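# Overview (structure and organization)
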Amino acid sequence: MTKPWTGSSASSGDGSDVERLYRSLTPTSHEYFLEGSRYLPGADSRSTLFHLPYPLVLSEGHGCRVSDVDGNELLDFTGNHTSLVLGYGHPRVREAVRDQLDRGTCFPGATALGVRMAKLLCDRIPSVERVRFTNSGTEAVMYAVRAARAFTGRPGVAKVEGGYHGSWDDVMVSTRPAGQAGDRVRPAAVPASPGLTPGALGTTVVLPFNEAEAAARLIEQYGEQLAAVVVEPVLGSAGMIPADRDYLVMLRELTARLGIVLVFDEVVSFRIAHGGAQEHFAVSPDLTCLGKLIGGGFPLGAFGGRGDIMALFDPSGGGPRMPHPGSYNANPVSLAGGLATLEVLTGEAIGGLNARGARLRNRMRAAFAEAGLPAQVTGLGSLFAIHPVAHPVRAYRDTIGADAGCRHRIFLGLFTEGVLIDPRGVGCVSTAAGEAEVDRFTGALRTVLEGLAHRTR
Ligand SMILES: Cc1ncc(COP(=O)(O)O)c(C=O)c1O
(Lines give C-alpha, C1' and ligand atoms only; values in the text may rest on other atoms or scores of the structure.)
Protein backbone atom coordinates (compact mmCIF):
# COMPACT_ATOMS: atom_id res chain seq x y z
CA MET A 1 0.00 0.00 0.00
CA THR A 2 1.32 3.43 -0.83
CA LYS A 3 0.58 6.50 1.22
CA PRO A 4 -0.35 9.85 -0.24
CA TRP A 5 2.28 12.57 -0.16
CA THR A 6 1.40 14.91 2.68
CA GLY A 7 1.80 18.41 3.97
CA SER A 8 4.61 19.75 1.88
CA SER A 9 3.24 22.05 -0.73
CA ALA A 10 5.76 24.75 0.19
CA SER A 11 8.79 23.89 -1.87
CA SER A 12 11.19 25.35 0.66
CA GLY A 13 12.02 27.88 3.27
CA ASP A 14 10.06 25.48 5.45
CA GLY A 15 12.72 25.05 8.11
CA SER A 16 12.63 21.28 7.71
CA ASP A 17 15.39 19.11 9.17
CA VAL A 18 16.77 18.43 5.72
CA GLU A 19 16.89 22.11 4.90
CA ARG A 20 18.68 22.86 8.19
CA LEU A 21 21.18 20.12 7.38
CA TYR A 22 21.67 21.54 3.87
CA ARG A 23 22.33 24.96 5.34
CA SER A 24 24.80 23.58 7.88
CA LEU A 25 26.74 21.78 5.13
CA THR A 26 26.87 24.72 2.71
CA PRO A 27 27.79 27.94 4.57
CA THR A 28 30.25 29.05 1.87
CA SER A 29 27.69 28.53 -0.90
CA HIS A 30 25.41 30.76 1.14
CA GLU A 31 28.08 33.44 1.44
CA TYR A 32 28.63 33.36 -2.34
CA PHE A 33 24.89 33.57 -2.83
CA LEU A 34 24.65 36.67 -0.66
CA GLU A 35 27.65 38.35 -2.23
CA GLY A 36 26.73 37.24 -5.77
CA SER A 37 23.24 38.68 -5.38
CA ARG A 38 24.80 42.14 -5.14
CA TYR A 39 26.11 41.83 -8.70
CA LEU A 40 24.07 39.12 -10.42
CA PRO A 41 20.29 38.95 -10.16
CA GLY A 42 19.79 35.67 -8.30
CA ALA A 43 23.59 35.38 -7.91
CA ASP A 44 23.96 33.40 -11.16
CA SER A 45 23.36 33.45 -14.90
CA ARG A 46 21.39 30.26 -15.42
CA SER A 47 17.88 30.26 -14.03
CA THR A 48 17.41 26.48 -14.19
CA LEU A 49 20.09 26.04 -11.51
CA PHE A 50 18.30 28.06 -8.88
CA HIS A 51 16.69 26.28 -5.96
CA LEU A 52 15.74 27.22 -2.44
CA PRO A 53 17.04 27.99 0.09
CA TYR A 54 20.03 28.96 -2.14
CA PRO A 55 21.88 27.04 -4.85
CA LEU A 56 25.16 25.24 -4.51
CA VAL A 57 28.39 26.80 -5.68
CA LEU A 58 30.48 24.09 -7.32
CA SER A 59 34.22 24.16 -7.70
CA GLU A 60 35.52 20.91 -9.21
CA GLY A 61 34.44 17.85 -11.09
CA HIS A 62 36.32 14.61 -11.70
CA GLY A 63 34.76 11.53 -13.27
CA CYS A 64 31.36 11.08 -11.66
CA ARG A 65 32.10 13.32 -8.68
CA VAL A 66 31.74 17.06 -8.12
CA SER A 67 32.84 19.16 -5.16
CA ASP A 68 31.29 22.32 -3.85
CA VAL A 69 33.05 25.29 -2.29
CA ASP A 70 32.45 23.85 1.19
CA GLY A 71 34.34 20.68 0.29
CA ASN A 72 31.28 18.44 0.03
CA GLU A 73 32.01 15.70 -2.47
CA LEU A 74 28.96 14.54 -4.38
CA LEU A 75 28.23 11.66 -6.66
CA ASP A 76 26.99 13.47 -9.75
CA PHE A 77 23.95 12.24 -11.61
CA THR A 78 23.34 15.47 -13.52
CA GLY A 79 26.31 15.59 -15.93
CA ASN A 80 25.60 19.31 -16.16
CA HIS A 81 22.05 18.63 -17.29
CA THR A 82 23.09 15.70 -19.53
CA SER A 83 26.00 17.54 -21.20
CA LEU A 84 28.83 15.48 -19.72
CA VAL A 85 28.01 12.01 -20.94
CA LEU A 86 31.56 10.84 -20.11
CA GLY A 87 31.60 12.55 -16.72
CA TYR A 88 33.93 15.37 -15.71
CA GLY A 89 37.36 15.73 -17.26
CA HIS A 90 37.56 12.54 -19.31
CA PRO A 91 41.28 12.09 -20.19
CA ARG A 92 40.62 11.88 -23.96
CA VAL A 93 38.58 15.08 -23.89
CA ARG A 94 41.16 16.93 -21.82
CA GLU A 95 43.96 15.84 -24.12
CA ALA A 96 42.08 16.89 -27.26
CA VAL A 97 41.12 20.25 -25.79
CA ARG A 98 44.63 20.93 -24.47
CA ASP A 99 46.03 20.16 -27.89
CA GLN A 100 43.57 22.55 -29.50
CA LEU A 101 44.32 25.27 -26.94
CA ASP A 102 47.96 25.07 -28.01
CA ARG A 103 46.98 25.44 -31.67
CA GLY A 104 44.50 28.27 -31.22
CA THR A 105 41.07 28.82 -29.73
CA CYS A 106 39.26 30.35 -32.71
CA PHE A 107 40.07 31.38 -36.25
CA PRO A 108 38.58 33.53 -39.00
CA GLY A 109 38.34 30.44 -41.17
CA ALA A 110 36.91 26.95 -41.31
CA THR A 111 38.82 24.15 -39.57
CA ALA A 112 39.56 20.51 -40.27
CA LEU A 113 37.84 19.75 -36.96
CA GLY A 114 34.58 21.19 -38.31
CA VAL A 115 34.73 18.89 -41.32
CA ARG A 116 35.62 15.84 -39.17
CA MET A 117 32.81 16.51 -36.73
CA ALA A 118 30.28 17.13 -39.51
CA LYS A 119 31.30 13.85 -41.18
CA LEU A 120 31.00 11.99 -37.88
CA LEU A 121 27.48 13.32 -37.25
CA CYS A 122 26.33 12.65 -40.82
CA ASP A 123 27.74 9.11 -40.57
CA ARG A 124 26.03 8.48 -37.23
CA ILE A 125 22.64 9.99 -38.07
CA PRO A 126 21.46 8.90 -41.53
CA SER A 127 18.75 11.62 -41.67
CA VAL A 128 21.46 14.27 -41.34
CA GLU A 129 22.86 14.86 -44.83
CA ARG A 130 24.34 18.26 -44.01
CA VAL A 131 24.96 19.98 -40.70
CA ARG A 132 25.98 23.38 -39.33
CA PHE A 133 27.38 24.28 -35.93
CA THR A 134 26.17 26.85 -33.42
CA ASN A 135 27.13 27.74 -29.86
CA SER A 136 24.04 26.36 -28.15
CA GLY A 137 20.99 24.18 -28.49
CA THR A 138 18.85 27.32 -28.44
CA GLU A 139 20.47 28.61 -31.62
CA ALA A 140 20.27 25.19 -33.25
CA VAL A 141 16.49 25.11 -32.77
CA MET A 142 16.15 28.73 -33.86
CA TYR A 143 17.94 28.06 -37.14
CA ALA A 144 16.07 24.82 -37.75
CA VAL A 145 12.72 26.58 -37.38
CA ARG A 146 13.88 29.54 -39.44
CA ALA A 147 15.05 27.18 -42.18
CA ALA A 148 11.69 25.39 -42.09
CA ARG A 149 9.93 28.73 -42.52
CA ALA A 150 12.18 29.74 -45.40
CA PHE A 151 11.80 26.34 -47.06
CA THR A 152 8.01 26.12 -46.77
CA GLY A 153 7.11 29.81 -46.94
CA ARG A 154 4.79 29.26 -43.96
CA PRO A 155 4.83 31.11 -40.62
CA GLY A 156 3.70 28.63 -37.98
CA VAL A 157 5.49 26.23 -35.68
CA ALA A 158 3.90 23.47 -33.65
CA LYS A 159 5.51 22.27 -30.44
CA VAL A 160 4.54 19.97 -27.64
CA GLU A 161 3.18 21.11 -24.28
CA GLY A 162 5.99 20.79 -21.75
CA GLY A 163 8.66 20.68 -24.45
CA TYR A 164 11.67 22.91 -23.79
CA HIS A 165 13.72 23.86 -26.85
CA GLY A 166 15.88 26.64 -25.50
CA SER A 167 15.20 30.29 -24.80
CA TRP A 168 14.30 31.59 -28.27
CA ASP A 169 10.94 33.40 -28.33
CA ASP A 170 8.98 31.22 -30.76
CA VAL A 171 9.51 28.07 -28.70
CA MET A 172 9.39 29.70 -25.25
CA VAL A 173 5.75 28.76 -25.24
CA SER A 174 4.02 26.31 -22.89
CA THR A 175 7.31 24.92 -21.61
CA ARG A 176 5.97 24.53 -18.05
CA PRO A 177 2.54 26.12 -17.85
CA ALA A 178 1.64 26.45 -14.18
CA GLY A 179 -1.78 24.82 -14.31
CA GLN A 180 -4.16 23.18 -16.74
CA ALA A 181 -3.74 25.50 -19.72
CA GLY A 182 -6.68 24.74 -21.95
CA ASP A 183 -7.99 21.28 -22.66
CA ARG A 184 -5.60 18.32 -22.29
CA VAL A 185 -6.06 17.42 -25.93
CA ARG A 186 -6.13 21.06 -27.11
CA PRO A 187 -3.60 22.90 -24.93
CA ALA A 188 -3.57 26.69 -24.86
CA ALA A 189 -0.37 28.50 -25.84
CA VAL A 190 1.12 30.07 -22.69
CA PRO A 191 4.16 32.37 -22.81
CA ALA A 192 7.04 30.91 -20.79
CA SER A 193 8.46 34.37 -20.14
CA PRO A 194 7.35 37.96 -20.11
CA GLY A 195 8.77 40.06 -22.90
CA LEU A 196 8.48 37.63 -25.80
CA THR A 197 8.24 39.15 -29.27
CA PRO A 198 4.67 40.31 -29.72
CA GLY A 199 3.12 37.81 -32.10
CA ALA A 200 5.40 34.89 -31.14
CA LEU A 201 2.46 33.26 -29.44
CA GLY A 202 0.20 33.75 -32.43
CA THR A 203 2.33 31.56 -34.71
CA THR A 204 2.93 28.75 -32.23
CA VAL A 205 0.51 25.84 -31.97
CA VAL A 206 0.78 23.69 -28.84
CA LEU A 207 0.30 19.94 -29.28
CA PRO A 208 -0.54 17.37 -26.62
CA PHE A 209 2.30 14.84 -26.14
CA ASN A 210 1.62 11.14 -26.64
CA GLU A 211 -1.98 11.84 -27.73
CA ALA A 212 -1.63 10.87 -31.37
CA GLU A 213 -5.21 11.43 -32.49
CA ALA A 214 -5.63 14.79 -30.79
CA ALA A 215 -2.26 16.05 -32.02
CA ALA A 216 -3.08 14.89 -35.54
CA ARG A 217 -6.36 16.83 -35.46
CA LEU A 218 -4.50 20.03 -34.53
CA ILE A 219 -1.82 19.52 -37.16
CA GLU A 220 -4.50 18.88 -39.81
CA GLN A 221 -6.36 22.00 -38.68
CA TYR A 222 -3.33 24.32 -38.86
CA GLY A 223 -1.45 22.32 -41.48
CA GLU A 224 -1.36 24.89 -44.27
CA GLN A 225 0.08 27.47 -41.87
CA LEU A 226 2.71 25.21 -40.29
CA ALA A 227 6.36 25.35 -41.34
CA ALA A 228 7.59 22.96 -38.67
CA VAL A 229 6.60 20.51 -35.98
CA VAL A 230 9.30 20.44 -33.30
CA VAL A 231 9.42 17.58 -30.83
CA GLU A 232 11.80 15.91 -28.39
CA PRO A 233 11.69 12.11 -28.70
CA VAL A 234 12.11 12.11 -24.93
CA LEU A 235 10.49 15.12 -23.26
CA GLY A 236 13.48 16.28 -21.22
CA SER A 237 12.88 19.18 -18.89
CA ALA A 238 9.26 18.09 -18.30
CA GLY A 239 10.75 14.98 -16.70
CA MET A 240 12.34 12.54 -19.14
CA ILE A 241 9.08 11.27 -20.62
CA PRO A 242 9.64 9.04 -23.65
CA ALA A 243 7.41 9.41 -26.68
CA ASP A 244 5.30 6.47 -27.79
CA ARG A 245 6.72 5.27 -31.05
CA ASP A 246 3.24 5.47 -32.59
CA TYR A 247 3.11 9.16 -31.73
CA LEU A 248 6.36 9.85 -33.56
CA VAL A 249 5.28 7.71 -36.51
CA MET A 250 2.05 9.72 -36.73
CA LEU A 251 4.05 12.97 -36.70
CA ARG A 252 6.34 11.62 -39.42
CA GLU A 253 3.54 10.50 -41.73
CA LEU A 254 1.34 13.53 -41.24
CA THR A 255 4.09 16.14 -41.65
CA ALA A 256 5.31 14.37 -44.79
CA ARG A 257 1.78 14.41 -46.21
CA LEU A 258 1.19 18.09 -45.34
CA GLY A 259 4.62 19.36 -46.42
CA ILE A 260 5.61 20.35 -42.88
CA VAL A 261 9.24 20.06 -41.77
CA LEU A 262 9.57 17.58 -38.90
CA VAL A 263 12.27 18.69 -36.46
CA PHE A 264 13.57 16.35 -33.76
CA ASP A 265 15.19 18.22 -30.90
CA GLU A 266 17.81 15.68 -29.81
CA VAL A 267 19.77 18.06 -27.61
CA VAL A 268 19.12 15.69 -24.68
CA SER A 269 18.04 12.46 -26.38
CA PHE A 270 21.01 11.97 -28.73
CA ARG A 271 22.67 9.80 -26.07
CA ILE A 272 19.93 7.15 -26.32
CA ALA A 273 21.54 5.33 -29.26
CA HIS A 274 24.57 5.64 -31.54
CA GLY A 275 22.40 7.51 -34.05
CA GLY A 276 20.28 9.27 -31.44
CA ALA A 277 16.74 8.58 -30.27
CA GLN A 278 15.62 8.60 -33.92
CA GLU A 279 17.61 5.40 -34.37
CA HIS A 280 16.03 3.92 -31.23
CA PHE A 281 12.50 4.74 -32.42
CA ALA A 282 13.31 4.10 -36.10
CA VAL A 283 11.66 7.37 -37.12
CA SER A 284 13.58 9.87 -39.27
CA PRO A 285 12.93 13.60 -39.03
CA ASP A 286 13.71 16.17 -41.72
CA LEU A 287 15.93 18.21 -39.40
CA THR A 288 17.71 17.36 -36.15
CA CYS A 289 18.94 19.71 -33.44
CA LEU A 290 21.86 18.77 -31.22
CA GLY A 291 23.64 20.38 -28.30
CA LYS A 292 24.89 19.63 -24.81
CA LEU A 293 26.89 16.37 -25.07
CA ILE A 294 28.17 17.01 -28.60
CA GLY A 295 30.42 19.76 -27.16
CA GLY A 296 31.97 17.40 -24.60
CA GLY A 297 31.58 20.04 -21.88
CA PHE A 298 32.11 23.07 -24.11
CA PRO A 299 29.47 25.24 -25.79
CA LEU A 300 28.37 23.66 -29.06
CA GLY A 301 25.11 23.12 -30.88
CA ALA A 302 24.28 21.77 -34.32
CA PHE A 303 21.35 21.60 -36.68
CA GLY A 304 21.23 19.44 -39.73
CA GLY A 305 19.16 17.19 -41.92
CA ARG A 306 17.82 17.04 -45.43
CA GLY A 307 20.23 18.34 -48.04
CA ASP A 308 17.58 20.38 -49.88
CA ILE A 309 16.65 22.28 -46.69
CA MET A 310 20.22 22.74 -45.48
CA ALA A 311 21.17 24.03 -48.96
CA LEU A 312 19.47 27.25 -47.89
CA PHE A 313 22.62 27.98 -45.89
CA ASP A 314 25.05 27.32 -48.76
CA PRO A 315 26.62 30.54 -50.02
CA SER A 316 28.89 28.86 -52.56
CA GLY A 317 26.50 29.52 -55.43
CA GLY A 318 26.40 33.24 -54.66
CA GLY A 319 25.37 35.19 -51.57
CA PRO A 320 23.90 33.15 -48.73
CA ARG A 321 20.17 32.75 -49.02
CA MET A 322 20.04 32.30 -45.28
CA PRO A 323 22.75 34.00 -43.28
CA HIS A 324 24.24 32.03 -40.43
CA PRO A 325 26.86 34.28 -38.87
CA GLY A 326 28.35 33.86 -35.39
CA SER A 327 31.79 34.83 -34.11
CA TYR A 328 32.23 31.56 -32.24
CA ASN A 329 30.24 29.24 -34.51
CA ALA A 330 31.95 25.87 -34.87
CA ASN A 331 34.44 26.84 -32.20
CA PRO A 332 37.47 24.56 -32.52
CA VAL A 333 37.91 24.01 -28.78
CA SER A 334 34.30 22.86 -28.48
CA LEU A 335 34.66 20.73 -31.59
CA ALA A 336 37.81 19.09 -30.20
CA GLY A 337 36.03 18.28 -26.92
CA GLY A 338 32.96 17.07 -28.77
CA LEU A 339 34.83 14.91 -31.25
CA ALA A 340 36.79 13.21 -28.50
CA THR A 341 33.54 12.61 -26.60
CA LEU A 342 31.73 11.08 -29.54
CA GLU A 343 34.72 8.89 -30.40
CA VAL A 344 34.58 7.44 -26.88
CA LEU A 345 30.78 7.22 -26.93
CA THR A 346 30.58 4.17 -29.15
CA GLY A 347 27.48 2.04 -29.58
CA GLU A 348 28.96 -0.39 -27.08
CA ALA A 349 29.54 2.37 -24.53
CA ILE A 350 25.94 3.51 -24.99
CA GLY A 351 24.75 -0.06 -24.47
CA GLY A 352 26.50 -0.21 -21.08
CA LEU A 353 25.23 3.23 -20.15
CA ASN A 354 21.66 2.32 -21.01
CA ALA A 355 21.86 -0.92 -19.04
CA ARG A 356 22.98 1.02 -15.95
CA GLY A 357 20.22 3.57 -16.58
CA ALA A 358 17.59 0.80 -16.70
CA ARG A 359 18.98 -0.77 -13.53
CA LEU A 360 18.94 2.57 -11.76
CA ARG A 361 15.33 3.30 -12.73
CA ASN A 362 14.22 -0.16 -11.60
CA ARG A 363 15.98 0.18 -8.28
CA MET A 364 14.55 3.65 -7.76
CA ARG A 365 11.05 2.28 -8.37
CA ALA A 366 11.74 -0.49 -5.87
CA ALA A 367 12.94 2.09 -3.30
CA PHE A 368 9.70 4.07 -3.60
CA ALA A 369 7.63 0.89 -3.36
CA GLU A 370 9.54 -0.27 -0.25
CA ALA A 371 9.00 3.09 1.41
CA GLY A 372 5.32 2.90 0.53
CA LEU A 373 5.47 6.25 -1.25
CA PRO A 374 3.69 6.80 -4.55
CA ALA A 375 5.95 7.96 -7.35
CA GLN A 376 6.74 7.38 -10.98
CA VAL A 377 10.25 7.02 -12.30
CA THR A 378 10.32 7.82 -15.99
CA GLY A 379 13.16 7.82 -18.49
CA LEU A 380 14.86 6.02 -21.31
CA GLY A 381 18.43 4.86 -21.84
CA SER A 382 20.58 6.65 -19.28
CA LEU A 383 17.98 9.36 -18.51
CA PHE A 384 15.69 9.33 -15.49
CA ALA A 385 13.23 11.51 -13.60
CA ILE A 386 11.31 11.21 -10.34
CA HIS A 387 7.65 12.26 -10.30
CA PRO A 388 5.97 12.20 -6.88
CA VAL A 389 2.55 11.29 -8.27
CA ALA A 390 0.49 8.11 -8.04
CA HIS A 391 -0.74 8.01 -11.65
CA PRO A 392 1.28 7.11 -14.75
CA VAL A 393 3.23 9.95 -16.36
CA ARG A 394 2.87 10.05 -20.15
CA ALA A 395 2.86 13.81 -20.75
CA TYR A 396 3.70 17.08 -19.05
CA ARG A 397 0.08 17.38 -17.82
CA ASP A 398 0.55 14.28 -15.69
CA THR A 399 3.33 16.00 -13.75
CA ILE A 400 1.36 19.10 -12.76
CA GLY A 401 -0.08 17.67 -9.54
CA ALA A 402 3.29 16.33 -8.35
CA ASP A 403 4.22 17.22 -4.79
CA ALA A 404 6.88 19.87 -5.31
CA GLY A 405 7.73 19.95 -1.61
CA CYS A 406 8.50 16.24 -1.50
CA ARG A 407 10.52 16.45 -4.71
CA HIS A 408 12.52 19.25 -3.13
CA ARG A 409 13.10 17.24 0.03
CA ILE A 410 14.29 14.31 -2.06
CA PHE A 411 16.72 16.62 -3.85
CA LEU A 412 18.06 18.19 -0.63
CA GLY A 413 18.01 14.82 1.13
CA LEU A 414 20.09 13.22 -1.62
CA PHE A 415 22.54 16.09 -1.33
CA THR A 416 22.95 15.44 2.38
CA GLU A 417 23.59 11.78 1.48
CA GLY A 418 26.27 12.84 -1.01
CA VAL A 419 24.33 12.53 -4.28
CA LEU A 420 23.55 15.32 -6.72
CA ILE A 421 20.57 15.30 -9.07
CA ASP A 422 18.79 18.19 -10.75
CA PRO A 423 16.47 20.06 -8.34
CA ARG A 424 13.58 19.21 -10.69
CA GLY A 425 14.15 15.52 -9.98
CA VAL A 426 15.72 14.70 -13.34
CA GLY A 427 19.14 13.25 -14.00
CA CYS A 428 21.27 10.87 -16.01
CA VAL A 429 24.03 8.31 -15.70
CA SER A 430 27.45 9.08 -17.20
CA THR A 431 29.95 6.52 -18.42
CA ALA A 432 32.07 7.48 -15.38
CA ALA A 433 29.45 6.02 -13.03
CA GLY A 434 29.55 2.24 -12.71
CA GLU A 435 27.42 -0.32 -10.90
CA ALA A 436 28.88 0.69 -7.52
CA GLU A 437 27.79 4.31 -8.02
CA VAL A 438 24.33 3.24 -9.13
CA ASP A 439 24.10 1.16 -5.94
CA ARG A 440 25.27 4.09 -3.84
CA PHE A 441 22.63 6.32 -5.41
CA THR A 442 19.82 3.89 -4.72
CA GLY A 443 21.09 3.32 -1.16
CA ALA A 444 21.02 7.08 -0.59
CA LEU A 445 17.54 7.32 -2.08
CA ARG A 446 16.33 4.56 0.22
CA THR A 447 17.63 6.45 3.26
CA VAL A 448 15.98 9.68 2.12
CA LEU A 449 12.66 7.96 1.41
CA GLU A 450 12.67 6.20 4.79
CA GLY A 451 12.90 9.64 6.40
CA LEU A 452 10.08 10.93 4.22
CA ALA A 453 7.91 7.90 4.94
CA HIS A 454 8.35 8.58 8.69
CA ARG A 455 7.05 12.11 8.21
CA THR A 456 3.91 10.80 6.58
CA ARG A 457 3.20 8.23 9.33
C1 LIG B 1 15.73 19.59 -25.48
C2 LIG B 1 16.49 20.87 -25.40
N3 LIG B 1 16.59 21.65 -26.49
C4 LIG B 1 17.27 22.79 -26.49
C5 LIG B 1 17.91 23.22 -25.35
C6 LIG B 1 18.68 24.49 -25.37
O7 LIG B 1 20.05 24.23 -25.32
P8 LIG B 1 21.06 25.34 -24.77
O9 LIG B 1 20.89 25.37 -23.28
O10 LIG B 1 22.40 24.83 -25.21
O11 LIG B 1 20.70 26.62 -25.42
C12 LIG B 1 17.83 22.46 -24.19
C13 LIG B 1 18.49 22.90 -22.95
O14 LIG B 1 18.26 22.42 -21.88
C15 LIG B 1 17.09 21.26 -24.21
O16 LIG B 1 16.98 20.50 -23.12
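By the naming in an unreviewed UniProt entry, the protein goes by Aspartate aminotransferase family protein and is assigned to Amycolatopsis cynarae. If you open the UniProt record of the protein and go to Cofactor (unreviewed entry), you find "pyridoxal 5'-phosphate". UniProt, in the comment section headed Sequence similarities (unreviewed entry), describes the protein in these words: "Belongs to the class-III pyridoxal-phosphate-dependent aminotransferase family."

Here Arg-271 is to be found in the loop between β12 (261-265) and α9 (277-281). Nearest to the buried, unbridged Arg-271 among oppositely charged side chains is Asp-76, at 8.5 Å. Among all residues touching Arg-271, those that are not within four sequence positions of it are Thr-82, Val-85, Leu-293, Ile-350, Leu-353, Asn-354, Ser-382, Leu-383, Cys-428 and Val-429.

Here the focus is the sheet that holds β12. The seven strands are arranged β4-β14-β13-β12-β9-β5-β8 in an open sheet whose pairing can be described as mixed. For this open sheet the edge positions go to β4 (130-134) and β8 (204-207), each flanked by a neighbour on one side alone. Averaged over all neighbouring strand pairs, the angle between strand axes comes to 20°, with direction disregarded. Relative to strand β13 (residues 287-290), helix α6 (residues 137-152) is tilted by about 165°, and along the sheet it contacts β4, β5 (156-160), β9 (226-231), β12, β13 and β14 (301-305).

If you look at the biggest cluster of nonpolar residues, it comprises 70 residues, and the most contacted ones within it are Phe-77, Leu-121 and Phe-441. Element by element, the count of residues in this core is highest for helix α14 (residues 435-456), at eight residues. For this core, the domains that each give at least three residues are domain 1 (17-76 + 351-456) and domain 2 (91-344). Here Phe-77 is in contact with Leu-360, Phe-384, Val-419, Leu-420, Ile-421, Gly-427, Cys-428, Val-429, Ala-433, Glu-437, Val-438 and Phe-441, once residues within four sequence places are set aside. Within the second largest apolar cluster, 42 residues are counted, among which are Val-205, Leu-218, Ala-238 and Ala-402.

This part covers the pairing of β8. Across the two faces of β8 the burial is the same, with Thr-204 and Val-206 and Val-205 and Leu-207 all buried. Pairing geometry for β5 and β8, over four bridges, is parallel. Looking at β8, one finds that Val-157 is bridged to Thr-204.

Right, let's talk about the site of the ligand for a bit. The environment of the ligand is made up of Ser-136, Gly-137, Thr-138, Tyr-164, His-165, Gly-166, Glu-232, Asp-265, Val-267, Val-268 and Lys-292. Contacts to the ligand include Lys-292, whose side-chain N or O atom sits 2.9 Å from an oxygen atom. For the ligand, whose free accessible area comes to 390 Å², the fraction covered by protein is 80%. A per-class count over the shell around the ligand returns three nonpolar, five polar and three charged.

For the rest of this paragraph, the subject is the domain arrangement of the protein. The domains assigned to the protein are domain 1 (17-76 + 351-456) and domain 2 (91-344). Here domain 1 and domain 2 have C-alpha centroids that lie 27 Å from each other. Every contact between the two is made by 24 residues of domain 1 and, on the other side, 30 residues of domain 2. Of the roughly 2,100 Å² buried where domain 1 meets domain 2, counting both sides, 56% is carbon and sulfur surface. At the junction of domain 1 with domain 2, the criterion picks out three salt bridges. A salt bridge links Arg-184 to Asp-398; the shortest N-O distance between them is 3.0 Å. Counting the contacts that link domain 1 with domain 2 gives 14 residue pairs in polar contact (both at pLDDT 80 or more). Put simply, the parts of the chain that give the side of domain 1 that touches domain 2 at least two residues each are α12 (347-371), β15 (376-380), β16 (383-387) and β18 (426-428). It is β16 that contributes the most residues to the side of domain 1 that touches domain 2, four residues altogether. Taken together, the residues of the side of domain 1 that touches domain 2 sort by class into 12 nonpolar, eight polar and four charged.

Let us look at the packing of aromatic side chains. Aromatic rings considered in pairs are described by the distance between their centres and by the relative angle of their planes. Under the counting rule described, the total for this entry stands at 10 aromatic pairs. Where Tyr-22 meets Phe-415, the ring centres are 5.1 Å apart and the plane angle is 65°; that geometry is what we call edge-to-face. With Tyr-22 in helix α1 (residues 17-25) and Phe-415 in helix α13 (residues 404-416), this residue pair connects regions lying 393 residues apart in the sequence. For Tyr-22, a relative accessible area of 1% puts it in the buried group. Using a relative accessible area of 4% as the deciding quantity, one classes Phe-415 as buried. Pairing Phe-384 with Phe-441 gives two aromatic rings, centres 5.6 Å apart and planes at 75°, and the pair type is edge-to-face.

Okay, the environment of Ile-386 next. Position of Ile-386 relative to the elements: it lies in strand β16. When neighbours within four sequence positions are excluded, Ile-386 is seen to be in contact with Met-364, Phe-368, Gln-376, Arg-407, Ile-410, Ile-421 and Gly-425.

So, on to the packing of helix α4 (residues 91-103) against helix α11 (residues 332-344). Look at α4 against α11: their axes get within 8 Å of each other, and the N-to-C directions meet at 155°. Classified by the angle their axes make, α4 and α11 are roughly antiparallel. In terms of crossing hand, the pair formed by α4 and α11 is right-handed. Residues Arg-92, Val-93, Ala-96, Val-97, Gln-100 and Leu-101 of α4 touch α11, and the partners they reach there are Pro-332, Val-333, Ala-336, Gly-337, Ala-340, Thr-341, Glu-343 and Val-344. For the contact of α4 with α11, the residue count by class is nine nonpolar, three polar and two charged.

The rules behind the values
Residue indices follow the written sequence of each chain, beginning from 1 at its first position. Thresholds applied to this predicted model are a pLDDT of at least 70 for local features of residues and 80 or more for the giving and counting of side-chain atom pairs; totals over whole chains, interfaces and linings are not thresholded and use all residues. As a rule here, side-chain values come from all non-hydrogen atoms in the structure, and water together with hydrogens is ignored. UniProt positions are given in the numbering used here, feature names are shortened, and annotations may be inferred rather than shown by experiment. Secondary structure elements follow DSSP: runs of H or I of four or more residues count as helices, runs of E of two or more count as strands, with numbering from the N terminus. Buried, partly exposed and exposed residues are distinguished by accessible area as a fraction of the type maximum, computed with a 1.4 Å probe on protein chains only: under 20%, between the cut-offs, and over 50%, respectively. We score Asp and Glu as negative and Lys and Arg as positive, and we do not count His or the chain ends. In the sections that follow, a salt bridge refers to a side-chain nitrogen of Lys or Arg positioned within 4 Å of a carboxyl oxygen of Asp or Glu. We call two residues in contact when some of their heavy atoms are within 4.5 Å. DSSP calls a pair of strands paired once it identifies at least 2 bridges connecting them. Axis lines are fitted through C-alpha atoms, for helices just across the contact stretch, and the angle between N-to-C directions can take any value from 0 to 180 degrees. Buried Ala, Val, Leu, Ile, Met, Phe, Trp, Tyr and Cys residues form a nonpolar core when they are joined through side-chain atoms within 4.5 Å. Source of the domain bounds: an automatic or database domain assignment. Residue proximity to a molecule or strand is established when one non-hydrogen atom of the residue lies within 4 Å of it. Between N or O atoms, a polar contact is any pair within 3.5 Å; within protein, one atom must be a potential hydrogen donor and the other a potential acceptor, and residues adjacent in sequence are included only when both atoms are from side chains. Where accessible areas are quoted, they stem from the Shrake-Rupley method and a 1.4 Å probe; at the residue level, only the protein chains shown are allowed to cover. Ten residue types, Ala, Val, Leu, Ile, Met, Phe, Trp, Tyr, Cys and Pro, are classed as nonpolar, four, Asp, Glu, Lys and Arg, as charged, and the remainder, Gly among them, as polar. Buried surface area refers to the total accessible area, computed with a probe of radius 1.4 Å, that the two partners give up upon joining, counted for both partners together. Each aromatic pair joins two rings of Phe, Tyr and Trp (for Trp, the six-membered one) with centres within 6.5 Å, and gets the label stacked for planes under 30 degrees apart, edge-to-face for over 60, and tilted for any other angle. Throughout, the term roughly parallel applies to angles under 35 degrees, roughly antiparallel to angles over 145, roughly perpendicular to angles from 65 to 115, and oblique to all others. With the far helix as reference, a near helix turned anticlockwise by less than a right angle produces a left-handed crossing, and one turned clockwise produces a right-handed crossing.

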